[in-house]
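Residue-level structural notes
Now for the letters of each chain:
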Amino acid sequence: MTEIHHGRFVCFEELKQAIAIEQVLERYGLRERLRRSGDHLSGACPLHRGHNPTQFRVSLSKNCWICFGDCHCGGSILDLVARMEGIPIHEAGLRLQDWFNLLPRAGQGIGQGQGLTLSSIREKTVRCPPRPNRPLAFTLAPLEPAHPYLKARGLLPETIATFGLGWCPHGSLQGWIAIPIHDAQGRLVAYAGRWPGQPLAGQPKYRLPRGFGKSFELFNQHRAELAPKAAPLVVTEGFFGCLHVWQSGYPRVVALMGSVLSRAQEQRILELAGVGQEVLLFLDGDAAGSKGAAEAATRLNRSVIVQIVPLAEGQQPDDLPAMELRRRLDQARLR
Ligand SMILES: [Zn+2]
């Protein structure tokens, strides 16, 4: 049991009692998209990217959710996190424990009293399996690759063309820079939007489609797979860090699209890098980036050689000039 779960105990019942589903929805930024009516919240399902505004239902008193649409399933906060992150139930429990700073009580947890058993993990996982992103049935082409914002961010025409970036004059991302995201097979699964400049008050810098499971994908994986394997695999947090690392001559680079390494991303990084090979973690120089890099290093270290590339406080990889960026990566390899 401890071997399978890396020795960390988690008690499902305690988590379900300690954490309100509303808190979990808030953490994902989903709470504001749901309408409250008495004890219930309802809205479009964030898991299958539904548009029907009544298919996803939450019971606050029962602390559970259900989707009457494509998902045809539901469950507790654990099932919700497992589906959102694309990870097994037990991992979801650990994630919730970390997010909400909960420690299992001494002497409790797996194998004791109300703790879970392996068969109950399997049961729950089978009941509501993680769902990968579906390929898009449309493209936003034509995009405008010559937009001044892309030049201002230091991107060369070759980079812009390779990644298919451009300003979007129409559709759901009208006025935004569109960044195509592909799955491991190279199928277009989403567009991220980046506002070209300082966002207006109350507007986010980035926009991802509702229900898109970013934790299922590694940005640029399908291109990184084709790059020569002699170079180490570089992992960045954001799109622009990834673009600049690629541009500096490190084509084996992927972005997590966040500072937290999901279980699905962990497996893909290991497959992409190869057992015993080198992985350079180049996350942002802030609290989230440092924490994310440390956690990712602990997990990846079991199978690959991990180096954390340091950055000054407040710095991102794309803030560095290409020569300096390359120097930092070269140096991290030699240590
Ligand atoms: Zn659904």
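Residues numbered from 1 in each chain as written. Predicted model: local features only at pLDDT ≥ 70, side-chain atom pairs only at ≥ 80, totals over all residues.

Digging into the overall build of the protein chain
- Within the protein chain one finds 12 helices and 13 strands.
- Put simply, the protein chain has 335 residues, and 40% of those count as buried.
- Excluding contacts between residues fewer than 6 apart, the proportion of contacts in the protein chain whose partners are at least 24 apart in sequence is 60%. (Helix = DSSP H or I, 4+ residues; strand = E, 2+ residues; numbered from the N terminus. Buried ≥ 20, exposed ≤ 12 C-beta atoms within 10 Å, placed from the backbone. Contact = placed C-beta atoms within 7 Å.)

Brief notes about the sheet that holds strand 7 (residues 177-182)
- Strand order in the open sheet made by the 4 strands is 6-7-8-9, with antiparallel pairing throughout. At either end of the open sheet lies a strand with only one pairing partner, and these are strand 6 (166-167) and strand 9 (206-207).
- Where strand 8 (residues 188-194) lies against strand 9, 2 bridges are found, and the strand directions are antiparallel. By the bridge assignment for strand 9, Gly 193 is matched with Arg 207. (Pairing = 2+ DSSP bridges.)

Thoughts on the pairing of strand 13 (residues 305-308)
- Pairing of strand 12 (residues 278-282) with strand 13 involves 4 bridges; the strand directions are parallel. By the bridge assignment for strand 13, Glu 278 is matched with Ile 305.
- Assessed by its sense of winding, the connection that carries the chain from strand 12 through helix 11 (residues 287-300) to strand 13 is right-handed. (Right-handed = clockwise from strand over helix to strand, strands pointing away.)

Topic: unusual backbone geometry
- Of note, the amide linkage connecting Ala 141 to Pro 142 takes the cis form, showing an omega dihedral of 0°.
- With respect to the helices, strands and loops of the structure, Pro 142 is situated in the loop between helix 5 (118-127) and helix 6 (148-152).
- At Asn 63, a position not held by glycine, the phi torsion is positive, near 60°.
- Inspection of the secondary structure assignment puts Asn 63 in the loop between strand 3 (56-59) and strand 4 (64-67).
- The class for Asn 63 is partly exposed, based on 16 C-beta atoms found within 10 Å.
- Residue Asn 220 is not a glycine yet carries a positive backbone phi of 80°.
- Looking at where Asn 220 falls in the secondary structure, it is placed in the loop between strand 9 and helix 8 (221-224).

Points about the environment of Pro 196
- Within the secondary structure, Pro 196 sits in the loop between strand 8 and strand 9.
- Measuring from C-alpha to C-alpha, the distance between Pro 196 and Ala 178 comes to 9.8 Å, with 18 residues separating the pair along the chain.
- Every residue in contact with Pro 196, bar those within four places of it in the chain, is listed here: His 147, Tyr 149, Trp 167 and Ile 177.

Topic: the pairing of strand 2 (residues 40-43)
- Burial of the side chains of strand 2 is restricted to one face: Leu 41 and Gly 43 are buried, whereas none of His 40 and Ser 42 on the reverse face is.
- As judged from the 3 bridges shared by strand 1 (residues 35-37) and strand 2, these two strands associate in the antiparallel manner. The partner of Arg 35 across the bridge, within strand 2, is Ser 42.
- Hairpin connection of strand 1 to strand 2: 2 residues between the antiparallel strands, including Gly 38 at a positive phi of 65°.
- Pairing between strand 2 and strand 3: 4 bridges, direction antiparallel. By the bridge assignment, Ser 42 is partnered in strand 3 with Arg 57.

Describing the nonpolar core
- Ala 178, Val 234, Val 235, Cys 242, Val 279 and Leu 281 are the most contacted members of the largest nonpolar core, which has 54 residues in total.
- Considering each element in turn, this core owes the most residues, 6 residues, to helix 9 (residues 239-247).
- Both domain 2 (132-210) and domain 3 (218-335) contribute no fewer than three residues apiece to this core.
- Contacts of Ala 178, omitting those with residues within four sequence positions, involve Leu 140, Leu 143, Gly 166, Cys 168, Leu 173, Tyr 191 and Gly 193. (Core = buried A, V, L, I, M, F, W, Y, C linked by C-beta atoms within 7 Å. Domains from an automatic or database assignment.)

Remarks on the packing of helix 3 (residues 77-85) against helix 4 (residues 89-99)
- Packing of helix 3 against helix 4 leaves a shortest axis separation of 8 Å and a crossing angle of 100°. The angle between the axes of helix 3 and helix 4 places the two elements in the roughly perpendicular class. Together, Ile 77, Leu 78, Val 81, Ala 82 and Glu 85 of helix 3 and Ile 89, Ala 92, Gly 93, Arg 95 and Leu 96 of helix 4 make up the contact between the two elements.
- For the contact of helix 3 with helix 4, the class distribution of residues is 7 nonpolar, 1 polar and 2 charged. (Axes fitted to C-alpha atoms, helices over the stretch in contact; angles between N-to-C directions. Parallel < 35°, antiparallel > 145°, perpendicular 65-115°, else oblique. Nonpolar A, V, L, I, M, F, W, Y, C, P; charged D, E, K, R; others polar.)

What about the sheet that holds strand 10 (residues 233-236)?
- Strand order across the open sheet formed by 4 strands is 11-10-12-13, with parallel pairing between neighbours. Every other strand in the sheet has two partners, leaving strand 11 (253-255) and strand 13 as the edge strands with one partner each. Sheet twist, expressed as the mean angle between neighbouring strand axes with direction ignored, is 25°.
- Of the pairings in the sheet, the one linking strand 10 to strand 11 comprises 3 bridges and is parallel in character. For Val 235, the partnering residue across the bridge sits in strand 11 and is Val 254.
- Sitting on the sheet, helix 10 (residues 263-273) touches strand 10 and strand 12, and the angle it makes with strand 10 is about 155°.

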